[in-house]
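Each chain, letter by letter, is given below.
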Amino acid sequence: MNKKVSKPLSIVMLSGLVFTAACGGEEEAQVASDPSELEGKEITVGTWKGTDAEVKAFDELLAAFTEETGIKVKKKVYNDYQTQLQTDLVGGTAPDVFYVDAFLAPELSKQGVLEPLDQYIEQAEKDLGDFYEPAINAFKSDDQLFGLPKDYSTLGLYYNKKLIEDAGFTADDIPTEMGQLPEFLGELQEKLPSGVTPAITTSELARHMFVLQSGGTDIVDENGMAVLSQQDQIKALQPLVDAYQDKLVQRPADLGQGWAGDSFGAEKAAIMIEGNWAISHIEQNFPNVEMGTKEVPTIDGNSGSMMFTVSYSLNSDSEEKAAGWEFINYATSKDGMKIWSEGAGVLPSLKSIAEELNLQDDELKAPFVAAGAYATPWQKGDSLSIVAREYNNLLPAALKGDMTLEEAMKKAEETANKDIETQLK
């Protein structure tokens, strides 16, 4: 998975498309009664550039699929995924199957470019019970399913073993409850070398959404409007602001880096909460750093994390929907998922494959696997990009003390809702 959160495709360009009723998925799903009838068919699958391991694993997946079904697959690898896919969707040349970031799924499904998969799943008698529920939910809109997750990432707590031990603590001393964390960070601060901050945070909604919603209030209401300034939300986020102002937590920019993983790798921070993609980054770029991982501390006893996931989705305008569905079905089967996740080193969206690969016992990955059962998907309707933009713009003002948190969140909410209202007109 790509650690960078995707931005939505242009609503202006997508709205220029004209869709028939069939493109909305109202016609009967094209599922082959006998998959062997599809032998010799050819489909195109759109992806973005991945790591060397991902490229190799994907090629192995395609070869296994063709051997199993006789359906040929052409890859279409986008260098600038969003821009190039957008152009292809508008021009009618988009792949039969393509990756969809959960963040984009509501917008694309609303525009009609994604084929609903419910009939395909029903006719193929595909069991969805093996998928992590948050990963499946990330691709649901209006009670329809518009993709099946190929993998996922979650957040976990990283700690620098040497810095923690040299300060006189052990991993067990790191609190498992968020409310106890500031006190521990204060004690840790006194014993760290000069220039090392106790903890690092990324000041983005993509990392904080589960915290804001921990009191029961969603950040977007049923009408798609931003909700950021309710008292339970302020209460949940205030400890972060307080910790930042007490220098217990810093941002990467404060330490001269652009990403928390680099600050942690450079040993400028003892603790960070970040995604599992940071494991390979630190191992490759900071091999002398000995790290440990734990689940994100609970909030009032409730587990929480974020989930970032990507689906295989079917182009609603594809002329080879039956063959495209067979690819999605195979790639998200136990056989296909094992080839991909084992080869690419990603977290499988099937619980059975995680167990088969013993990921629950992996010293570093286990906390991220555990979060797959309860994490909050990075998806909240087609206005999330606007809400996130304003949150990301205004939170730094609260962190630095230029505004109170409540003032900053009220302004973020008001500004976001003006743009959302304009979008709805």
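Located above this text is the structure these notes cover.
We now turn to the structure provided with this report. Not measured: the values here are computed from a predicted model.

## Let's talk about the pattern of salt bridges
(1) Moving on: Under the definition given, this model contains 16 salt bridges.
(2) Moving on: Put simply, K76 and D88 hold a salt bridge, and the shortest N to O gap is 2.8 Å. Taken together, the residues K76 in strand β2 (residues 72–78) and D88 in helix α3 (residues 81–91) connect sequence positions 12 residues apart.
(3) Moving on: When its relative accessible area of 29% is taken as the criterion, K76 is described as partly exposed.
(4) Moving on: Measuring nitrogen to oxygen at the nearest pair gives 3.2 Å for the salt bridge that ties R251 to D254.
(5) Moving on: Looking at D254, the relative accessible area reads 32%, which means it is partly exposed.

## Quick word on the packing of aromatic side chains
(1) Moving on: For the structure on display, the rule yields 16 aromatic pairs.
(2) Moving on: Arranged with centres 6.4 Å apart and planes meeting at 85 degrees, the rings of F58 and Y99 form a pair that is edge-to-face. Residue F58 is found in helix α2 (residues 52–69), and its partner Y99 is found in strand β3 (residues 97–101); the two are separated by 41 residues along the sequence. Pair check on accessibility: F58 and Y99 agree, each one buried.
(3) Moving on: These aromatic residues form a ring-pair network of at least three members: W48, F58, F65, Y78, Y81, Y99, Y312, F327, Y330 and W340.
(4) Moving on: Above the ring of Y99, the side-chain terminus of K150 is found at 4.5 Å from the ring centroid.

## Some details on the pairing of β3
(1) Moving on: Counting buried positions over the 5 residues of β3 gives 5, a clear majority of the element.
(2) Moving on: Of the two faces of β3, both are covered, the one formed by V97, Y99 and D101 as well as the one formed by F98 and V100.
(3) Moving on: As paired strands, strand β1 (residues 42–48) and β3 are joined by 2 bridges and run parallel to one another. From the neighbouring strand, V45 faces β3, where its bridge partner is V97.

## Some thoughts on the pairing of β1
(1) Moving on: The buried fraction of β1 is high, at 5 of 7 residues.
(2) Moving on: As defined by bridge partners, β1 adjoins β2 across 7 bridges and the pair is classed as parallel. Within the sheet, the bridge partner assigned to V45 lies in β2 and is K75.
(3) Moving on: Between β1 and its parallel partner β2, the chain crosses via α2, and the hand of that crossover is right-handed.

## Focus: the packing of helix α17 (residues 384–399) against helix α18 (residues 405–424)
(1) Moving on: One way to put it is that α17 packs onto α18 with a least axis distance of 8 Å and a crossing angle of 160 degrees. As the angle between them shows, α17 and α18 are arranged roughly antiparallel. Where α17 crosses over α18, the handedness of that crossing is right-handed. Contacts between α17 and α18 involve I386, V387, R389, E390, Y391, L394, L395 and A398 on the former and, on the latter, L405, A408, M409, K411, A412, T415, A416, D419, I420 and Q423.
(2) Moving on: Residues of the contact of α17 with α18, tallied by class, amount to 12 nonpolar, 2 polar and 4 charged.

## Overview of the nonpolar core
(1) Moving on: In terms of nonpolar packing, the biggest core is built from 137 residues, with L188, L205, I271, F327 and W378 touching the most fellow members.
(2) Moving on: In terms of residue count, the dominant contributor to this core is α17 (9 residues).
(3) Moving on: With sequence-adjacent residues up to four places away left out, F327 is seen in contact with I43, V45, F58, L61, L62, F65, V73, V97 and Y312.

About the thresholds
- Residues numbered from 1 in each chain as written.
- Predicted model: local features only at pLDDT ≥ 70, side-chain atom pairs only at ≥ 80, totals over all residues.
- Heavy atoms only, no water.
- Salt bridge = Lys/Arg side-chain N within 4 Å of Asp/Glu carboxyl O.
- Helix = DSSP H or I, 4+ residues; strand = E, 2+ residues; numbered from the N terminus.
- Buried < 20%, exposed > 50% of the residue type's maximum accessible area, 1.4 Å probe, protein only.
- Phe/Tyr/Trp six-rings, centres within 6.5 Å; stacked < 30°, edge-to-face > 60°.
- Lys NZ or Arg CZ within 6 Å of the ring centre and 35° of its normal.
- Pairing = 2+ DSSP bridges.
- Right-handed = clockwise from strand over helix to strand, strands pointing away.
- Axes fitted to C-alpha atoms, helices over the stretch in contact; angles between N-to-C directions.
- Parallel < 35°, antiparallel > 145°, perpendicular 65-115°, else oblique.
- Left-handed = near helix turned anticlockwise from the far one by under 90°.
- Contact = heavy atoms within 4.5 Å.
- Nonpolar A, V, L, I, M, F, W, Y, C, P; charged D, E, K, R; others polar.
- Core = buried A, V, L, I, M, F, W, Y, C linked by side-chain atoms within 4.5 Å.

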